[in-house]
Amino acid sequence: MKKIPLIIDTDPGIDDAVALAFAFHHPAIDLKLISTVAGNVNVDKTTDNALRLVEYFDVEVPVAKGCSEPLIKELEDCSEIHGESGMDGYDFGPITRKPLDVHAVEALRQTILASPDPVTLMPIAALTNIALLFKIYPETKANIKEIVLMGGSLARGNTTTAAEFNIFTDPEAAAIVFKAGLPLTMIGLDVTSKAVLTTTEIEKIKTMNQTGAMFASLFGHYRGGSMKTGLKMHDVCALAALVEPAIFSMQSTYVEVQTGDTAANGATVADLKMKYHTEANADVALEVDVERFRKWFLEMLALTK
Ligand code: RIB
Ligand code: CA
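Residues numbered from 1 in each chain as written. Chains lettered and ligands numbered in written order. Predicted model: local features only at pLDDT ≥ 70, side-chain atom pairs only at ≥ 80, totals over all residues. Heavy atoms only, no water.

**Student:** Explain the overall build of the chain to me, using residue names and the numbers behind them.
**Tutor:** Secondary structure summary: the chain contains 12 helices and 13 strands in total. Relative to the globule expectation of 19 Å for 305 residues, the C-alpha radius of gyration of the chain, 18 Å, shows essentially globular dimensions. Looking at the chain residue by residue over its 305 residues, the buried ones come to 56%. Counting every atom, the chain has about 12,300 Å² of accessible surface; 52% of that belongs to carbon and sulfur. With 27 positive and 40 negative side-chain charges, the chain shows a spacing of 4 Å between the two charge centroids. (Helix = DSSP H or I, 4+ residues; strand = E, 2+ residues; numbered from the N terminus. Rg over C-alpha atoms; globule rule 2.2 N^0.38 Å. Buried < 20%, exposed > 50% of the residue type's maximum accessible area, 1.4 Å probe, protein only. Areas by Shrake-Rupley, 256 points an atom, 1.4 Å probe, with all protein chains shown as cover. Lys, Arg positive; Asp, Glu negative; His and termini not counted. Charge placed at Lys NZ, Arg CZ, Asp CG, Glu CD.)

Encoded structure:
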């Protein structure tokens, strides 16, 4: 079976680390590039964290450093959730791997145009790199199969009442990406917040293998939820949606990204009844089968070291 040529655009980030770890090991995935962006923490740290992960798992996946700030807004990071380093809680030791010597947008262009098969983009962070790619190199769209992203929300946000962090960080970039005309799957916060690991699962992963122990150590510092209510595995839901779509129920609709200096800035408003639009621009996740997600999570973890 042909593997899916995949690029993950990311801001590791403890939940990003889980998505990357599983992408490294999934038999159907050919991870061709990791592009980093500022978000959870600054882009120097997100890039270092991506390098730590490729080194920890000893995989030959290139890492390219991307945008250090959103297109328009100031960066407001999320270090209170992931720790100052962006991946507090585990000592990965010194970094010996180096990022590519080109900017992530250039690396995205080169990787996409060089792929013999159309590439799937998986943004699990602010969409700054992806928006710039489409603006500077629109010709790359011809070799992009689809975008599968974690971001937005059909309900409340987590950064403001209205906005989820990845979209809030760069609403203008998100508006560009949602209007790019490419097939787009949005796994939003309302769904990913239900994809939680409880102490039951965390006790299992802690002793399953080396990666499980590392995850458990990171999770001790992760503030995306709590041990009491469950830890929210936001970003790995995008990978699950790509390789195990039956875990989610989806609806085709039109998603408007709100921009501008109002309390709605960064909101993703889905016209679910299509009262204002005649054509959809996204498939949005409506629900997640949590028990299936947890089973899949443990199956993925078993593929790692
Ligand atoms: O809102 C959740 C998203 O914001 C996740 O991608 C998490 O890593 C943070 O970037
Ligand atoms: Ca992220």
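Past the structure itself, the notes keep going.
**Student:** Which residues make up the layout of surface pockets, and what values do they have?
**Tutor:** Empty space among the atoms can be located by rolling a probe the size of a water molecule over them. Quantified by volume, the largest pocket comes out at close to 330 Å³. Surrounding the largest pocket, 25 residues form its lining, Cys-78, Ile-81, Asn-158, Phe-165 and His-234 being those nearest its centre. Looking at the lining of the largest pocket, the elements with two or more residues in it are helix H1 (14–25), helix H3 (79–82) and helix H6 (165–169). In terms of residue count, H3 provides more of the lining of the largest pocket than any other element does, three residues in total. (1 Å grid on protein atoms, 1.4 Å probe; cavity = no way out; pocket = protein on both sides within 12 Å on 5 of 7 lines; lining within 4 Å. Points joined across faces, edges and corners; volume = space filled by probe spheres on them.)

**Student:** Could you give me a rundown of the site of ligand 1, with the residues and numbers involved?
**Tutor:** Taken together, 13 residues form the shell around ligand 1, and within it Asp-15, Asp-16, Asn-158, Glu-164 and Asp-235 come nearest. One of the side-chain N or O atoms of Asp-11 is found 3.1 Å from an oxygen atom in ligand 1. Contacts to ligand 1 include Asn-40, whose side-chain N or O atom sits 3.0 Å from an oxygen atom. Considering ligand 1 on its own, with 280 Å² of exposed area, one finds that the protein chains cover 97% of that surface. Cavity membership is defined here by more than half of the atoms lying within 2 Å of grid points; on that basis ligand 1 lies in the largest pocket. Residue assignment for the shell around ligand 1 shows that the elements contributing at least two residues are H1 and H6. Residues that form the shell around ligand 1 fall into these classes: three nonpolar, five polar and five charged. (Near = heavy atom within 4 Å. Polar contact = N/O pair within 3.5 Å; in protein donor to acceptor, adjacent residues only side chain to side chain. Sits in = over half its atoms within 2 Å of the grid points. Nonpolar A, V, L, I, M, F, W, Y, C, P; charged D, E, K, R; others polar.)

**Student:** Got a sec to walk through helix H4 (residues 104–114)? Specific residues and values, please.
**Tutor:** Every buried residue of H4 is accounted for by Ala-104, Val-105, Glu-106, Ala-107, Leu-108, Thr-111 and Ile-112. The inward-facing, buried residues of H4 abut strand S1 (4–10), strand S2 (29–36), strand S3 (63–65), strand S4 (119–123), helix H5 (128–136) and strand S5 (144–150). (Contact = heavy atoms within 4.5 Å.)

**Student:** I'd love a proper account of the environment of Ile-81, names of residues and values included.
**Tutor:** The topology assignment puts Ile-81 in helix H3. Distance from Ile-81 to Gly-13, taken between C-alpha atoms, is 8.6 Å for residues 68 residues apart in sequence. Apart from residues no more than four positions distant in its own chain, Ile-81 is found in contact with His-221, Tyr-222, Arg-223 and Gly-224.

Any functional reading would require information that these geometric values do not contain.
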